[in-house]
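This is what each chain is made of:
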Amino acid sequence: MIPRRARISCAGIAFALCLQHLVSAIEVPLDSNIQSELPQPPTITKQSIKDYIVDPRDNIFIECEAKGNPVPTFSWTRNGKFFNVAKDPKVSMRRRSGTLVIDFHSGGRPEDYEGEYQCFARNDFGTALSSKIHLQVSKSPLWPKEKVDVIEVDEGAPLSLQCNPPPGLPEPVIFWMSSSMEPIPQDKRVSQGHKGDLYFSNVLAQDALTDYSCNARFHFTHTIQQKNPYTLKVKTTRGITETTPSFMYPYGTSSSQMVLRGMDLLLECIASGVPAPDIMWYKKGGELPPGKTKMENFNKALRISNVSEEDSGEYSCLASNKMGSIRHTISVRVKAAPYWLDQPENLILAPGEDGRLVCRANGNPKPTIQWLVNGEPIESSPPNPSREVAGDTIVFRDTQIGSSAVYQCNASNEHGYLLANAFVSVLDVPPRILAPRNQLIRVIENNRTRLDCPFFGSPIPTLRWFKNGQGNTLDGGNYKAHENGSLEMFMARKEDQGIYTCVATNILGKAEAQVRLEVKDPTRIVRGPEDQVVKRGKILQLPCRVKHDPTLRVLVTWLKDNAPLYLGTRMKKEEEGLTIFGVTERDQGDYTCVASTELDKDAAKAYLTVLADPANRLRDLPKERPDQPRDLELSDLAERSVRLTWIPGDDKNSPITDYVVQFEEDRMQPGVWHDHSRYPGSVNSALLSLSPYVNYQFRVIAVNDVGSSVPSLPSERYQTNGARPEINPTGVQGAGTQKNNMEITWTPLNATQAYGPNLRYIVRWRRRDPRGSWHNETVRSARHVVWNTPIYVPYEIKVQAENDFGRAPEPDTYIGYSGEDLPSSPRYLRIRQPNLEIINLEWDHPEHPNGIITGYTLRYQPFNGTRTGRTVVENLSPNQTKFTVQRSDPISRYRFVLRARTQVGEGEPLTEESPALLDEAYTKNQVDIATQGWFIGLMCAIALLVLILLIVCFIKRSRGGKYPVRDNKDEHLNPEDKNVEDGSFDYSDEDNKPLPNSQTSLDGTIKQQESDDSLVDYGEGGEGQFNEDGSFIGQYTVKKDKEETEGNESSEATSPVNAIYSLA
């Protein structure tokens, strides 16, 4: 018996031998005619990425495109279930495509469509699958509100400021700034970790001069969110103690890190210490990976790009300063998502042929392989006797028509998956020759050549070559037949000329094509130029005699110093060489003769040395303006270009530095010459770019250091064909010339921009309102006036050029304004008088400006009663809303008239007058008045007068004594009244109160109420009053004139007390 292990080995060997006998797959040519005729299962040609993050502000497009014959149809699954596109009005599918379009213009939440999508493309020959597309909507969450306390830290101590950004999708970019948006400087002492935290190896007192805010920038929304800033309070000491390094991140002496193959590995070590430590990186057992290692963040981070399994191992970072060092070891493990070793490829077989699909992938851990057919697990598909699955390989034997399908290979492990589609198509196609019929191949004798005969068929045809109808197959010796149908000839000889036939044959038939080969004589320069030394002013001949195949056209060109030689009046190219008349120093250099045909070329080179005149008389010759160029010639005529060639004139002992090409056209500005282009003085030919529909005529002007030549005679005219304009007018403006119109003007197109006959302009305008309708008018001038417009409103304006060939592209939109009018008055005019010296004015702009306010006109005039002062006129700026007037005196009032101005003129006036200033000025300036000498003297006089009056009052009271009430009034006194003693009243503090039947006037005096029985009658015509005790006191006064008594309607007391009241 054979041991089981031996049986397995034998089976594997037999299987491997079987695979060696499998026929190679047929390749379908890219010829569109072939591909359109052959049946083909679907092939996914475009799809969205697996992890697909979308902007929530835009519509969502999930791409899926496929090709096949017949054209595939598409369907989708979402989260593993059929996704009914027709059921959701927001979702549609592009025509002849599987791309999903989710439209949110009419509302909806993008988050509702998150999930895992997969596209299926089907036709009669199978189903292809896209990868599973994980759709997520970008998120930019707000930073959680938090209160950040002041951080107190000792000078020299380490510190880390946490960022903790909100979890955005994708992750935001982190950077630190102050609250005033100034970047935080970073160095080896202060730096940001890759997770966003800010680290201080040691804190210095200067770190408290600013605050620290973590900022997160989100990719899709282009927004930046700022965290509440940290504020530091650094406790300073007399000296900072130097310390040995200690790791702030990562912690401890060792850590581990896992990274996926193909990704970037970022290792980070941040250490504290005084002074700030330096960081060095090492790998145990070897050097850091060469060519893909990069130090970042002041050597605190080590980045290894495109990690492979060889990069796993132990890495260590060494932090050191003058006080010591510390080491941290990071163990790196490299895992791998699945990656392809052999990706299955499309397989085209003929009936009865064998083939195989191979799906080999690697990863860490090792991926598992799962086969599907038309999107279903192969285990649950209908049985196929011609198909055998052996792990990562499917073997097909004796395939037949009808077994076409699309196979999927899924390689997956815990880190990801791969999905590949490969179709198996069984075709029976008779041979077809894909090359053109009756090809002609020409080759130079003794050169290598190749005859092509591309073909296709299923089964793969056999191709053979024959010459001149001979029966022997051409292969071997001077010939080699390639599998793609080409016949290579190592050295073509004259006897190899003839007709070659390629024949493709399979079991379904044969096809053939013929190729004619011609062998030509080589092109040779039999006599070329030779190195020469000539004197200045001599005639030089450089020979170039060429021998070539008479059936080929030869072209001889000359190069000078490896650049094309431009012939002038002194140079003439002849059949067998080049002649230079009057050789100059500028002619010195390399000259190359190049003879070329469409199949080959030959070249010969020589060096020319020019001997200068020993006396160098050129310096002594007078220099003048150059002669005009002559013999202008047009060639290489094309739609948008033409070549202009001219013969230079004499340079008049000053080398020509430039040529100016000018043109004239006879339609818009006949007889006016315009500059076209400028060229260096070393050329005499130029390719000129042209505009459509211009009847060109050219002339050339030569320029040297002295000046410009007379223009050359004009060239012949060249008319270009017309076309629609390519640009629109510029300088479009809209402005009113009257209050009810808007004049639209623009810079018209010139003759080289019109591009065609009957140039005209389509003018469109509308009120600046999306709901407004466009008006249009076609004009031929560069001006159009719109009438009956409202006063000074904005308009959108478009001006588009048009000729008989069509219109220019859609024009830009400009903003214009209709006509202006006089403005209304300013909204208000406020007058403030803070003191006796100035008046402050403040106003607001007019409610209806009716145009652009160009300024304000302020007229003001002082007046005092009927007296008026000089009128002052101030012209103020349009943005000014305040003005200060310097008073000429503290008494006069002012009248102000304010008008706004537009370009039409001054608008409605606003008139205001300043209020009387006496009371207000006295109140506001009493501190200043109190310091004046005249005021102090006046107050002293008043005080003295009051003192005298008080003394007089006291004397009179002492003489009057007490008046018995019983003698003057019959009314009895109340014995309980505390103010009564022995039947009399004393003066008290209540003497200042008004009498019960009196009223106080506005000026503070006491007026008696009117009565028919007035007490004044008791005073014998004089003034009378009651004393405080209720008795009547008659005072003897000098009798006044009747007129004076009648004029004083309210008599005032002449007693000292009343005199004091009147002063109060």
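No experiment lies behind these values; they were computed from the predicted model shown.

**Brief notes about the sheet that holds strand S42 (residues 462–467)**
Read across the sheet, four strands follow the order S39-S46-S45-S42 without closing on themselves; strand pairing throughout is mixed. Looking along the sheet, the strands with just one partner apiece sit at the ends: strand S39 (439–444) and S42. The sheet shows a mean angle of 25 degrees between the axes of neighbouring strands, taken without regard to direction. Examined bridge by bridge, strand S45 (residues 498–506) and strand S46 (residues 509–520) share nine bridges and lie antiparallel to one another. From the neighbouring strand, Gly-498 faces S46, where its bridge partner is Leu-517.

**Section: the state of the cysteines**
Under the defined criterion, the tally for this structure stands at six disulfides. What pairs with Cys-163 in a disulfide is Cys-214, and their sulfur atoms sit 1.9 Å apart. One quick way to see it: the torsion about the S-S bond of Cys-163 and Cys-214 is about -65 degrees, and its sign makes the bridge left-handed. In this pair, Cys-163 is assigned in the loop between strand S13 (159–161) and strand S14 (173–177) and Cys-214 in strand S17 (residues 211–218), connecting sequence segments 51 residues apart. Each bonded cysteine of the protein is numbered by sequence order, and under that numbering the disulfide pairs are 1-2, 3-4, 5-6, 7-8, 9-10, 11-12.

**A few points about a nonpolar patch on the surface**
A cluster of nonpolar side chains, contributed by Leu-944, Leu-947, Ile-948, Ile-951, Val-952, Phe-954 and Ile-955, occupies part of the molecular surface with about 650 Å² of accessible area. With respect to the helices and strands, Ile-948 occurs in helix H6 (residues 933–960).

**Let's talk about the pairing of strand S54 (residues 577–580)**
Residues Gly-577 and Thr-579 line one face of S54 and the alternating positions Leu-578 and Ile-580 line the opposite face, and both faces are buried. Note: strand S49 (residues 540–543) against S54, four bridges, orientation antiparallel. Opposite Gln-541, over in S54, you have Thr-579 as the bridge partner. Bridging between strand S53 (residues 571–574) and S54 involves four bridges; their strand directions are antiparallel. The residue bridging Met-571 from the neighbouring strand is Ile-580, located in S54.

**Here we look at the pairing of strand S18 (residues 223–226)**
In this structure, S17 lies alongside S18, joined through four bridges in antiparallel fashion. The residue bridging Asn-215 from the neighbouring strand is Gln-226, located in S18. The antiparallel pairing of S17 with S18 creates a hairpin that spans four residues between the two strands, and His-222 there sits at a positive phi of about 55 degrees.

**A closer look at unusual backbone geometry**
What is expected of a backbone is that most residues other than glycine have negative phi and most peptide bonds are trans. In the segment running from Tyr-249 into Pro-250, the intervening peptide bond is cis, with an omega of -10 degrees. Cis peptide bonds are those with omega within 30 degrees of zero, and the linkage from Val-274 to Pro-275 qualifies with 0 degrees. Following the sequence through the fold, Pro-275 ends up in the loop between strand S23 (270–274) and strand S24 (278–283). Non-glycine residue Met-181 carries a positive phi angle of around 65 degrees. Locating Met-181 in the fold gives a position in the loop between S14 and strand S15 (190–192). Positive phi, close to 70 degrees, is recorded for Asn-653, a residue that is not glycine. As for its placement among the helices and strands, Asn-653 is situated in the loop between strand S58 (641–647) and strand S59 (658–665). Under the relative-accessibility criterion, Asn-653 is labelled partly exposed at 24%.

**Concerning the side chain of Asn-413**
With respect to the helices and strands, Asn-413 occurs in strand S36 (residues 405–413). The exposure class of Asn-413 is buried, given its relative accessible area of 15%. Side-chain polar atoms of Asn-413 contact the backbone oxygen of Pro-365, separated by 2.9 Å. If near-sequence neighbours (up to four positions away) are discounted, Asn-413 is found in contact with Ala-336, Ala-337, Pro-338, Gly-363, Asn-364, Pro-365 and Pro-367.

**Quick look at the confidence of the model for the protein**
For the protein, per-residue confidence averages 84 on the pLDDT scale, and 84% of positions sit at 70 or higher. A low-confidence stretch, residues 919–927 stays under pLDDT 50, and its non-local contacts, those more than four residues away or across chains, total seven contacts. Considering only residues more than four positions removed or in separate chains, one finds that residues 961–1064, a stretch of pLDDT under 50, has 81 contacts.

Cut-off values and rules
Residues numbered from 1 in each chain as written. Predicted model: local features only at pLDDT ≥ 70, side-chain atom pairs only at ≥ 80, totals over all residues. Heavy atoms only, no water. Pairing = 2+ DSSP bridges. Helix = DSSP H or I, 4+ residues; strand = E, 2+ residues; numbered from the N terminus. Axes fitted to C-alpha atoms, helices over the stretch in contact; angles between N-to-C directions. Disulfide = S-S within 2.5 Å. Patch = residues over 30% accessible without salt bridge, like charges linked within 9 Å, V, L, I, M, F, W, Y side chains within 5 Å. Areas by Shrake-Rupley, 256 points an atom, 1.4 Å probe, with all protein chains shown as cover. Salt bridge = Lys/Arg side-chain N within 4 Å of Asp/Glu carboxyl O. Buried < 20%, exposed > 50% of the residue type's maximum accessible area, 1.4 Å probe, protein only. Polar contact = N/O pair within 3.5 Å; in protein donor to acceptor, adjacent residues only side chain to side chain. Contact = heavy atoms within 4.5 Å. pLDDT = per-residue confidence, 0-100.

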